[in-house]
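Residue strings, one per chain:
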Amino acid sequence: MSALDEPAANAALPPAADAADAATEDDTPAPAADPRDPFLTALGERVRSLRARRGMTRRVLARASEVSERHLANLELGVGNASVLVLRQVSRALDCPLTELLGDESSQSPEWMLIRNLLQGRSEAEMRKGREALSQLFGAPAPDARLQRIALIGLRGAGKSTLGRRLAEHLNVPFVELNQEIERVAGCSLGEIHNLLGSAAYRRYERRALEETIQLYPDAVIATPGGVVADPANFNLLLTHCYTVWLQATPEEHMARVMAQGDLRPMAGNREAMDDLKRILAERAAFYGKADAQVHTGGLSLEEAWRQLRQVCPQSRSLG
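These numbers were taken from a predicted model, which means no experiment stands behind them. (Residues numbered from 1 in each chain as written. Predicted model: local features only at pLDDT ≥ 70, side-chain atom pairs only at ≥ 80, totals over all residues. Heavy atoms only, no water.)

So, about helix H13 (residues 232-241). Extensive coverage of H13 is indicated by the burial of seven of its 10 residues. All buried positions along H13 are accounted for by Asn-234, Phe-235, Leu-237, Leu-238, Leu-239, Thr-240 and His-241. Buried-residue contacts for H13 involve helix H7 (124-137), helix H8 (143-147), strand S1 (149-153), helix H12 (199-216), strand S4 (243-248) and helix H15 (273-288). Its side-chain oxygen at 3.1 Å from the backbone nitrogen of Ala-233, Asp-231 defines the N-terminal cap of H13. (Buried < 20%, exposed > 50% of the residue type's maximum accessible area, 1.4 Å probe, protein only. Helix = DSSP H or I, 4+ residues; strand = E, 2+ residues; numbered from the N terminus. Contact = heavy atoms within 4.5 Å. Polar contact = N/O pair within 3.5 Å; in protein donor to acceptor, adjacent residues only side chain to side chain.)

What follows covers the nonpolar core. Counting residues in hydrophobic clusters, the biggest one holds 33 residues, and the most contacted among them are Ile-153, Ile-193, Tyr-205, Ile-222, Leu-238 and Tyr-288. Apart from residues no more than four positions distant in its own chain, Ile-153 is found in contact with Lys-160, Thr-224, Val-228, Phe-235, Leu-238, Val-245, Trp-246, Leu-247, Tyr-288 and Ala-291. Ile-150, Leu-163, Leu-171 and Tyr-243 belong to the second-largest nonpolar core, a separate cluster that totals 19 residues. (Core = buried A, V, L, I, M, F, W, Y, C linked by side-chain atoms within 4.5 Å.)

Turning to the confidence of the model for the protein, a few remarks are in order. Per-residue confidence for the protein gives a mean pLDDT of 81, with 82% of residues at or over 70. Taken as a whole, residues 1-26 scores under 50 in pLDDT and shows 50 contacts with residues more than four places along the chain or in a different chain. (pLDDT = per-residue confidence, 0-100.)

A few words on the side chain of Ser-49. The residue Ser-49 is located in helix H1 (residues 38-53) in this model. Reaching out from Ser-49, the side chain makes a polar contact with the side chain of Glu-283 at a distance of 2.6 Å.

Moving on, we get to the pattern of salt bridges. Within this structure, the stated rule accounts for 16 salt bridges. The salt bridge partner of Glu-212 is Arg-184, with a shortest N-O separation of 2.8 Å. Here Glu-212, found in helix H12, pairs with Arg-184, found in helix H10 (residues 178-186); they are 28 residues apart in sequence, far enough to count as distant. Of the residues examined, Glu-212 reaches a relative accessible area of 25% and is grouped as partly exposed. Assessed through its relative accessible area of 46%, Arg-184 is described here as partly exposed. Through salt bridges with shared partners, a single network forms among Arg-128, Glu-132, Arg-146 and Asp-292. (Salt bridge = Lys/Arg side-chain N within 4 Å of Asp/Glu carboxyl O.)

When H10 is considered as a whole, its buried residues turn out to be Leu-178, Glu-181, Ile-182, Val-185 and Ala-186. For H10, the arc enclosing every buried residue in end-on projection is 130 degrees, short of the 170-degree limit, so these residues lie on one face. Buried residues along H10 sit against strand S2 (175-177), helix H11 (190-197), H12 and strand S3 (220-223). (Arc of directions from axis to C-beta.)

It is the contact of helix H2 (residues 58-65) with helix H4 (residues 84-93), at a shortest axis distance of 8 Å, that shows an interaxial angle of 110 degrees. Here H2 lies roughly perpendicular to H4, going by the angle between them. Note on packing geometry: the crossing formed by H2 with H4 is right-handed. Here H2 contributes Leu-61, Ala-64 and Ser-65 to the contact with H4, which in turn contributes Gln-89, Val-90 and Ala-93. Considering only residue class, the contact of H2 with H4 consists of four nonpolar, two polar and no charged. (Axes fitted to C-alpha atoms, helices over the stretch in contact; angles between N-to-C directions. Parallel < 35°, antiparallel > 145°, perpendicular 65-115°, else oblique. Left-handed = near helix turned anticlockwise from the far one by under 90°. Nonpolar A, V, L, I, M, F, W, Y, C, P; charged D, E, K, R; others polar.)

Glancing now at a nonpolar patch on the surface. Together, Ile-115, Leu-118 and Leu-119 make up a nonpolar patch on the protein surface, roughly 270 Å² of accessible area in all. As for its position among the elements, Ile-115 is in helix H6 (residues 110-119). (Patch = residues over 30% accessible without salt bridge, like charges linked within 9 Å, V, L, I, M, F, W, Y side chains within 5 Å. Areas by Shrake-Rupley, 256 points an atom, 1.4 Å probe, with all protein chains shown as cover.)

Turning next to the environment of Pro-38. Take Pro-38: it is sitting in helix H1. For Pro-38, a relative accessible area of 64% translates into the label exposed. Each C-alpha atom, one on Pro-38 and one on Gly-78, is 8.0 Å from the other, the two residues being 40 residues apart in sequence.

Here we come to the pairing of S3. Alternating residues of S3 divide into Ala-220 and Ile-222 and Val-221 and Ala-223, and every residue in both groups is buried. Two elements, S1 and S3, share four bridges in a ladder whose sense is parallel. Across the sheet, residue Ala-151 finds its bridge partner in S3, namely Ile-222. (Pairing = 2+ DSSP bridges.)

Our focus in this paragraph is unusual backbone geometry. Its identity as a non-glycine residue notwithstanding, Glu-66 has a phi of 60 degrees, on the positive side. Locating Glu-66 in the fold gives a position in the loop between H2 and helix H3 (69-77). Under the relative-accessibility criterion, Glu-66 is labelled exposed at 69%. Even without glycine at this site, Asn-172 takes up a positive phi of about 60 degrees. Inspection of the secondary structure puts Asn-172 in the loop between helix H9 (160-171) and S2. According to the relative accessible area criterion, Asn-172 is exposed, its value standing at 71%.

This is the structure in structure tokens:
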């Protein structure tokens, strides 16, 4: 779910410092100290980051967690008191453990702590090798088998459906629109899943649909939902069993393409939709960047984007 809103909140400042302490020797006023508690500031940043990664606006999170938008605004700004009950409601709405919200997810067991120590200070490339080694250890398919199944990832409007269908026809393999499989598994529309059952239920249906697709189609092109990267378990499943391609575009292009398809919801009643879209893209970019290949469709014609996609897909290159 990725609709988009940001109310503001004002933090109360501490009493003014003594005049002698508020100026330097040359009478230049010293910069005011940040009144926010470092822990609450970091907590607010994690809430904002998790919300953006899941494509949720503050209004959507407020409704899902039953916490007021103003309270959430204060939480994200790192001001005010964040009660344990409020944090539990927010973590449930974000479908993440409370420990992840608090930034202590890797202290659950001695093994977690030892693994964390091994990874500490490693580069992204080194950690990727570690993840791939763990995947192989725990039953990942042979690399050649993974290459037979291509998954396109990225935000809505990147061209996943249009280019995906064309690639499937070119390779003579099935094309799977994962959103349709999610609706089939759930027995209702995506909107009904989100509105009636919530984001946690959506992720469960997404995983079932992905698992079934992988079992049924050894060869396929899969167009995935934009938020598949928001769930580590689902994204790991995708990376382990599919050759992934990130179709990129600018936020403006994503928005324009979705609206050109007749979907005006991203802008409906929300003047800050573009800011939210940029935040979502920025938060997910590091996850999309884990793809095996990338194609930037921005400013390209359909034929130009198609040629670039063919060049990065091993199966397509072999066909010429």
